[in-house]
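Here's the letter readout for the chains.
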Amino acid sequence: MKKLLLIAIVAMTTATAPAATPLHYGFEAGVGVLLPGGDVSDLLKGEFTFGGALEVDYSNLRVKAGVAYGQPSLKVANPFGSYDAQGRDLQLNATKHPGHVATRVLLGYTAYRGSAVSITPLAGMVYHRLGWSVNDIMWSVNDEGHDVFTVTKASDVSLNSVSWQVAVDIDIKLHSRFVDNKRYTSSVRLTPTVTGARYHGKMPTTYGGIHYGITLSYSGLFSNIY
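Residues numbered from 1 in each chain as written. Predicted model: local features only at pLDDT ≥ 70, side-chain atom pairs only at ≥ 80, totals over all residues. Heavy atoms only, no water.

Undergrad: I keep staring at the side chain of Asp-84 and nothing clicks. Help me out?
TA: Here Asp-84 shows up in the loop between β3 (61-70) and β4 (91-93). Excluding residues within four positions of it along the chain, Asp-84 makes contact with Leu-90 and Trp-139. (Helix = DSSP H or I, 4+ residues; strand = E, 2+ residues; numbered from the N terminus. Contact = heavy atoms within 4.5 Å.)

Okay, structure coming up:
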């Protein structure tokens, strides 16, 4: 009799246990490092980034849309190649650290899902924008006979790139709990990335290459209970 009662209690508990739908939605937010490669490394130094993304998962499929921001250092003082007949600069950077905004949309598939770790390769498109200020300058000769320049105008300039990105989300589960008839699952997420780049603007040459990155994020996902 005791055995039958125990079986009945277990059956009732199993039958009434809440279950989650395969649809999950939420966010990630974190910090990272971005390093340039190829010709891009002639233009920029590495940078620290911070950003976030919105995410929708259905079963093993994942869609993410996010944005990140950083401030790399410019290696070239006159990146648009503006010179006079004597080869002197006619334009110089007014700021050394441009604002770098990267907007991305990625599609992925969870290739491995364990009790504590999951791995999701992703691929998609990224739009990069570098924005900063430059000074237009005019040259003259001072009383000592030396060439000196005067700033005549300050302007805002930008370089843009639309290219591809591949990434891998490595999620390490922190906890899962029920909140307002929803299950909330949080994870620490490590995401290495490789991103193509081809920056163009007013300059006579185009800077092409690669951005290598890694991001450490907090991920929070909700799923409905039925």
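Further notes follow.
Undergrad: What am I meant to see in the pattern of salt bridges here?
TA: Pairing is possible between side chains of opposite charge, provided their charged atoms come close. One pass over the structure, following the stated rule, counts 14 salt bridges. The shortest N-O distance in the salt bridge between Arg-189 and Glu-55 comes to 2.7 Å. Residue Arg-189 is located in strand β9 (residues 182-199), and its partner Glu-55 is located in strand β2 (residues 47-58); the two are separated by 134 residues in the primary sequence. Residues Arg-189 and Glu-55 agree in their burial class; the two are buried. Salt bridges linked by common partners bring Glu-28, Glu-55, Asp-57, Arg-62, Lys-64, Arg-104, Asp-169, Asp-171 and Arg-189 together as one network. (Salt bridge = Lys/Arg side-chain N within 4 Å of Asp/Glu carboxyl O. Buried < 20%, exposed > 50% of the residue type's maximum accessible area, 1.4 Å probe, protein only.)

Undergrad: Help me out: how do you make sense of unusual backbone geometry in this one?
TA: Only a minority of non-glycine residues have a phi that is not negative, and only a minority of peptide bonds are not trans. Phi is positive for Ser-59, which is not a glycine, with a value near 55°. As for its placement among the helices and strands, Ser-59 is situated in the loop between β2 and β3. Judged by its relative accessible area of 42%, Ser-59 falls in the partly exposed class. Positive phi outside glycine occurs at Asn-181, with the angle close to 60°. Positionally, Asn-181 belongs in the loop between β8 (147-179) and β9.

Undergrad: When you look at a nonpolar patch on the surface in this model, what are you seeing that I'm missing?
TA: A grouping of Leu-23, Val-56, Tyr-58, Leu-61, Val-63, Leu-107 and Tyr-109 is seen on the molecular surface, where their side chains present a nonpolar patch of about 670 Å² in accessible area. Every element with two or more residues in the nonpolar patch is listed here: β2, β3 and β5 (99-109). With respect to the secondary-structure elements, Leu-61 resides in strand β3. (Patch = residues over 30% accessible without salt bridge, like charges linked within 9 Å, V, L, I, M, F, W, Y side chains within 5 Å. Areas by Shrake-Rupley, 256 points an atom, 1.4 Å probe, with all protein chains shown as cover.)

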